[in-house]
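Here is how the chains run, residue by residue.
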Amino acid sequence: MKYGSKEEPPAPVPNRAKQAGEIRDRWFWVEPEVWTERMLTALEKGVKGGKWFSLIDKVCSPVTLRLAFDKVRANGGAAGVDSQTIEMFEFRLDSNLQRLSEELIAGTYRPQAIKRVFIPKPGSVEKRPLGVPTVRDRVVQGALRAVLEPIFERDFAAASYGFRPGRGCKDALRRVSSLLKSGYTWVVDADLKSYFDTIPHLPLMEEVRVKVSDGKVLDLIESFLHQEVMETAKAWTPERGTPQGAVLSPLLSNIYLDPLDHLMAGKGIEMVRYADDFVILCRGEKEAQKALETVRKWTAKRGLVLHPEKTKLVDAAQKGGFDFLGYHFERDYRWPRKKSLKKLKDTIRSKTKRTNGHSLEKIISNVNLTLKGWFEYFKHSHRTTFRPLDAWIRMRLRSILRKRKGGKGRGRGRDHQRWPNAYFAERGLFSLSAAYEEACQSSRR
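Predicted, not measured: the structure shown is a model, and the values here were computed from it. (Residues numbered from 1 in each chain as written. Predicted model: local features only at pLDDT ≥ 70, side-chain atom pairs only at ≥ 80, totals over all residues. Heavy atoms only, no water.)

## So, unusual backbone geometry
Step number 1: Backbone geometry at Ser-194 places phi at a positive 50 degrees, although glycine is not the residue there.
Step number 2: Secondary-structure assignment places Ser-194 in the loop between strand 3 (186-191) and helix 9 (195-198).
Step number 3: For Leu-325, which is not glycine, the phi torsion reads 50 degrees and is therefore positive.
Step number 4: Inspection of the secondary structure puts Leu-325 in the loop between strand 9 (322-324) and strand 10 (327-330). (Helix = DSSP H or I, 4+ residues; strand = E, 2+ residues; numbered from the N terminus.)

## As for empty space enclosed by the protein
Step number 1: Applying the stated criterion to the full structure yields three cavities of 30 Å³ or more.
Step number 2: As for the second largest cavity, its lining consists of Ile-114, Gln-141, Phe-224, Leu-225, Gln-227, Thr-242, Pro-243, Ala-246, Leu-248, Ser-249 and Leu-252.
Step number 3: Elements that contribute at least two residues to the lining of the second largest cavity include exactly helix 11 (215-225) and helix 12 (249-266).
Step number 4: Grouping the amino acids of the lining of the second largest cavity by side-chain chemistry returns seven nonpolar, four polar and no charged. (1 Å grid on protein atoms, 1.4 Å probe; cavity = no way out; pocket = protein on both sides within 12 Å on 5 of 7 lines; lining within 4 Å. Points joined across faces, edges and corners; volume = space filled by probe spheres on them. Nonpolar A, V, L, I, M, F, W, Y, C, P; charged D, E, K, R; others polar.)

## Points about helix 8 (residues 169-181)
Step number 1: Taking 1.5 Å of rise per residue, 13 residues should cover 18 Å, and helix 8 covers 18 Å from first to last C-alpha, within 8% of that figure.
Step number 2: Positive phi shows up at Gly-183, right after helix 8, with a value of about 100 degrees. (Expected span 1.5 Å × (residues − 1).)

## So, the packing of aromatic side chains
Step number 1: A complete count under the given rule lists 17 aromatic pairs for this structure.
Step number 2: Arranged with centres 5.6 Å apart and planes meeting at 25 degrees, the rings of Phe-69 and Phe-89 form a pair that is stacked. With Phe-69 in helix 4 (residues 62-75) and Phe-89 in helix 5 (residues 86-91), this pair connects stretches of sequence that are 20 residues apart. Phe-89 carries the same exposure label as Phe-69, and that label is buried.
Step number 3: Members of the aromatic cluster, each reached through a chain of ring pairs, are Phe-322, Tyr-327, Phe-329, Trp-374, Tyr-377 and Phe-378.
Step number 4: It is Arg-427 that lies over the ring of Tyr-423; its NZ or CZ is 3.7 Å from the centre. (Phe/Tyr/Trp six-rings, centres within 6.5 Å; stacked < 30°, edge-to-face > 60°. Buried < 20%, exposed > 50% of the residue type's maximum accessible area, 1.4 Å probe, protein only. Lys NZ or Arg CZ within 6 Å of the ring centre and 35° of its normal.)

Right, dumping it as structure tokens:
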């Protein structure tokens, strides 16, 4: 088996074709209007030479384009350089999709420039670059992804969890926890420097050509890689990278790192990757050093750079530990990393300003939206995580009430007797520590 990992692959492919219903069940996430039963059967059995031809007709189909638009509309997002919003595109949806289809068939379609914006990077003074394609380009990229994703997903390695159907952060975290409990405590905590902006175009297209031979589809992908970038009224053409924010970027980023996944699995090395964020778990220091050297050689050969300061070896059984996907792992425990806690507190602060004019019930309802979502992700943290946060949140609410009574400063002293914990519980404040205890009891049952 190609995967070579001790973990089962995400979508096993049988040696012989099964009934259509069974095949469709395994590929439940694909668009049935795009991927017919015949195509899925061919996908499972394997096409001749391992390459797919004549895919452009699926990409430019009005049905595929409409499905792609539905996802663009569901995801929302700002207008691109042409200032056309999703609502404006939808106003003349049929004619817009028909025009896109005709341009794709004729080969005259050309992507517009990407609007580049910079968004805050949690816990850092740096800002993350984000590309905002036009709506029409997002639709075409969505159609491309709908056609291409199953072809590559079929053979993606089990170690990859990011931007994949039926997989996610929680699956990756469970795998990490399982390996740590099994004695894989020496960890290569790796960081690829500016990965999405540095993927070399030529070797990336070589990876795509391993499975796709449709010249028009390949040209279309390349046209997106060479899109102009509009930044502060100045346009430039990137020579590397695939912009974060583009619909096709997650798939392309996984395609480029998939050979690394298989390389490590083939050597019996346990790696867990979520997009460009990955950790390698080993049983000993020497094994971890060898694994790191393997990654260094591969990334250098493939035109990528491991961040010299952020990439390190750690013994998770000792003090220090490592961060991964929002959690901090250390000495058989995990809890939210500092950046995750800061992000939560910043959000709560914005909702609990002392000048907030809403009723306490409305403020609590708004705070609960954040707390419930945060707990759902971080509920596997060590029990000591939650009680201090509950106390801090109640302090923020007491500060609002204190100000309304003419007091100054944060809630303290007699405020605890005036507005005891039960006061907030009666008004529906979500308790992280109570939710944790309830989750623990449910798991014991």
